[in-house]
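What follows is the residue order along each chain.
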Amino acid sequence: MVEATIEPPAAYAASPVTPINLVLLSVFVFIVYLRLKPKAPPTLPRAPPPTVFRTFTPPELFPYNGQNGMPVYLSVRGRIFDVTSGRNFYGPGGPYANFAGRDASRGLACGSFDDDMLTKDLDGPLDTLEDLDEEQMEAMHGWESRFNEKYLVVGKLVAVGSPEAEAAKAQQ
């Protein structure tokens with residue numbers, strides 16, 4: 001019996017350049033490129049503008065009601081709190097929105113969201129709260145301490161034409 005050996009043609013010799021090897025090499029090069037390509041530097045969020053403690057009159061406080069991109073401030077017993085982080089409650093459409101940009105002392109003390117709890121004449125004297133009873137004063141102090149724990153005090157509310165308002169206007 002004669003054994004015949006069949007030799008592969010020269011074209012089919014073990015060549016590394018085959019279509020599958022070219023595809024695998026391309027995938028490998030692409031993966032290496034993705035790993036080594038420079039990444040964009042991370043960007044930090046912009047810090048909010050610094051808040052400066054200042055003296056406000058009721059008309060100066062009024063625009064800080066969360067509309068037109070403004071922060072949300074409200075006053076309790078002459079202290080102005082930045083409640084912007086609680087915009088869902090104090091900003092436009094929130095349940096306490098009528099207090100935004102206003103003195104909320106009487107409304108919080110009485111547990112009322114009615115507009116008649118707010119000072120109508122922004123150029124008039126501040127509400128002295130003298131007619132509140134002990135329970136209402138206690139409720140207002142509770143709100144004030146809650147705001148102290150949670151929000152930043154950004155200012156002081158004074159009446160229009162008071163010496164403090166005039167001094168603050170002179171400093172600006």
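Residues numbered from 1 in each chain as written. Predicted model: local features only at pLDDT ≥ 70, side-chain atom pairs only at ≥ 80, totals over all residues. Heavy atoms only, no water.

As recorded in an unreviewed UniProt entry, the chain goes by Cytochrome b5 and comes from Didymella exigua CBS 183.55. According to the UniProt record, the Sequence similarities (unreviewed entry) comment for the chain reads "Belongs to the cytochrome b5 family. MAPR subfamily." Per UniProt, the comment on the chain under Subcellular location (unreviewed entry) is "Endoplasmic reticulum". (UniProt positions renumbered as here; feature names shortened; annotations may be inferred.)

Draft legend 1. Seen up close, the overall build of the chain. Secondary structure summary: the chain contains 6 helices and 4 strands in total. The secondary structure elements of the chain, listed N-terminal to C-terminal, are α-β-α-β-β-α-α-α-β-α. Rg of the C-alpha trace for the chain: 35 Å, well past the compact-globule value of 16 Å for 172 residues, more than 25% over. Seen along its three principal axes, the alpha-carbon backbone of the chain occupies a region of about 125 × 40 × 25 Å. Evaluated residue by residue, the chain yields a buried proportion of 31% over its 172 residues. Once local pairs closer than 6 in sequence are excluded, the contacts in the chain between residues at least 24 apart make up 62%. For the chain, the exposed surface amounts to about 12,300 Å²; the carbon and sulfur share of it is 60%. Counting 15 positive and 21 negative side-chain charges, the chain places the centres of these two groups 10 Å from one another. (Helix = DSSP H or I, 4+ residues; strand = E, 2+ residues; numbered from the N terminus. Rg over C-alpha atoms; globule rule 2.2 N^0.38 Å. Buried < 20%, exposed > 50% of the residue type's maximum accessible area, 1.4 Å probe, protein only. Contact = heavy atoms within 4.5 Å. Areas by Shrake-Rupley, 256 points an atom, 1.4 Å probe, with all protein chains shown as cover. Lys, Arg positive; Asp, Glu negative; His and termini not counted. Charge placed at Lys NZ, Arg CZ, Asp CG, Glu CD.)

Draft legend 2. Structural detail: the pairing of strand E2 (residues 73–76). Neither face of E2 is exposed, since Tyr73 and Ser75 on one face and Leu74 and Val76 on the opposite face are all buried. Both E2 and strand E3 (residues 79–82) contribute to a ladder of 4 bridges, which runs antiparallel. The residue of E3 that forms the bridge with Leu74 is Phe81. Counted between consecutive antiparallel strands, the loop separating E2 from E3 contains 2 residues, among which Arg77 sits at a positive phi close to 50 degrees. (Pairing = 2+ DSSP bridges.)

Draft legend 3. Highlighting empty space enclosed by the protein. Inspection of every chain in the model, using the stated rule, returns 1 cavity of 30 Å³ or more. Lining the largest cavity are 13 residues; nearest its centre among them are Pro58, Asp103, Thr119, Leu122 and Leu157. Considering only residue class, the lining of the largest cavity consists of 6 nonpolar, 3 polar and 4 charged. (1 Å grid on protein atoms, 1.4 Å probe; cavity = no way out; pocket = protein on both sides within 12 Å on 5 of 7 lines; lining within 4 Å. Points joined across faces, edges and corners; volume = space filled by probe spheres on them. Nonpolar A, V, L, I, M, F, W, Y, C, P; charged D, E, K, R; others polar.)

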